[in-house]
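Single-letter residue listing:
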Amino acid sequence: MNKIWKFFQYGYLLIAAICLIEGLLMINSNRSKAILLIVASIFITLVFFFKRSFRKKVTQRNNQNK
């Protein structure tokens, strides 16, 4: 199960990249929505790093308990 989560965590980066690209393309036409998408991409990227570090801590803890 842990191997599956390693691949799913990169989905956060994919979604963040899509939000960032859409926000940058939309910056001239709809500034408020573009800013929202850019902020969302930053937040999603932070979630990716948090989940990755948390998963690594849990994996290390599980390996020490064996």
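Preceding block: the structure.
First, a word on scope: everything that follows refers to the structure included in this document. Going along each chain's sequence as written, the residues are numbered from 1 onward. Local features in this predicted model are restricted to residues of pLDDT 70 or higher, and side-chain atom pairs are both shown and tallied only at a pLDDT of 80 or more, whereas totals for entire chains, interfaces and linings draw on every residue. In computing side-chain values, all of the structure's heavy atoms are included and hydrogens and water are not.

1. Topic: the overall build of the protein chain
Spelled out, the test is: Counting from the N terminus, the helices are the DSSP runs of H or I reaching at least four residues and the strands are the DSSP runs of E reaching at least two. The size measure is the radius of gyration over C-alpha atoms, and the globule rule it meets is 2.2 Å times the number of residues to the 0.38 power. Whether two residues are in contact is decided by their heavy atoms, any of which lying within 4.5 Å being enough. In these tables, accessible area is a Shrake-Rupley quantity obtained with a 1.4 Å probe, and a residue counts as shielded only by the protein chains included in the view.
When its secondary structure is counted, the protein chain shows two helices and zero strands. A globule of 66 residues ought to have a C-alpha radius of gyration of about 11 Å, yet the protein chain, at 16 Å, is considerably larger. Structurally, the protein chain occupies a C-alpha span of about 55 × 15 × 10 Å along its principal axes. In the protein chain, once contacts between residues fewer than 6 apart in sequence are set aside, the share between residues at least 24 apart is 58%. In the form shown here, the protein chain has an accessible surface area of approximately 5500 Å², with 68% of it arising from carbon and sulfur atoms.

2. With respect to the packing of aromatic side chains
Rule in force here: We call Phe, Tyr and Trp rings a pair once their centres come within 6.5 Å, taking the six-membered ring for Trp, and we label the pair stacked below 30 degrees between planes, edge-to-face above 60, and tilted otherwise.
Tallying each qualifying case throughout the model produces three aromatic pairs. Relative to Phe 48, the ring of Tyr 10 has its centre 5.8 Å away and its plane inclined at 45°; by these criteria the two rings are tilted. Of this pair, Tyr 10 sits in helix H1 (residues 2-26) while Phe 48 sits in helix H2 (residues 31-65), and the two are 38 residues apart along the sequence. Considering the side-chain rings of Phe 50 and Phe 54, the 6.3 Å spacing of their centres and the 20° angle between planes classify their relative orientation as stacked. Of this pair, Phe 50 and Phe 54 both sit in helix H2, four residues apart, roughly one helical turn. These aromatic residues form a ring-pair network of at least three members: Tyr 10, Phe 48 and Phe 49.

3. What about the nonpolar core?
As a reminder, the rule being used: For our purposes a nonpolar core is just a set of buried Ala, Val, Leu, Ile, Met, Phe, Trp, Tyr and Cys residues, chained together by side-chain atoms within 4.5 Å. Classification of residues uses two cut-offs on accessible area relative to the type maximum, computed with a 1.4 Å probe and protein chains only: under 20% is buried, over 50% is exposed, and between them is partly exposed.
In this structure, Ala 16, Cys 19, Met 26, Ala 34, Leu 37 and Ile 44 together form the largest nonpolar core, which totals six residues. Contributing elements (two or more residues each) for this core: H1 and H2. Aside from chain neighbours lying at most four places away, what touches Cys 19 is Leu 37, Ser 41 and Ile 44.

4. Some thoughts on a nonpolar patch on the surface
As a reminder of what qualifies: Patches in this entry comprise residues that are over 30% relatively accessible and not in a salt bridge; like charges within 9 Å are linked, as are nonpolar side chains (Val, Leu, Ile, Met, Phe, Trp, Tyr) within 5 Å. Here, a salt bridge means any Lys or Arg side-chain nitrogen found within 4 Å of an Asp or Glu carboxyl oxygen.
On the surface, Ile 4, Trp 5 and Phe 8 cluster together to form a nonpolar patch covering roughly 340 Å² of accessible area. Position of Trp 5 among the secondary structure elements: in helix H1.

That is the geometry; function is a separate question.
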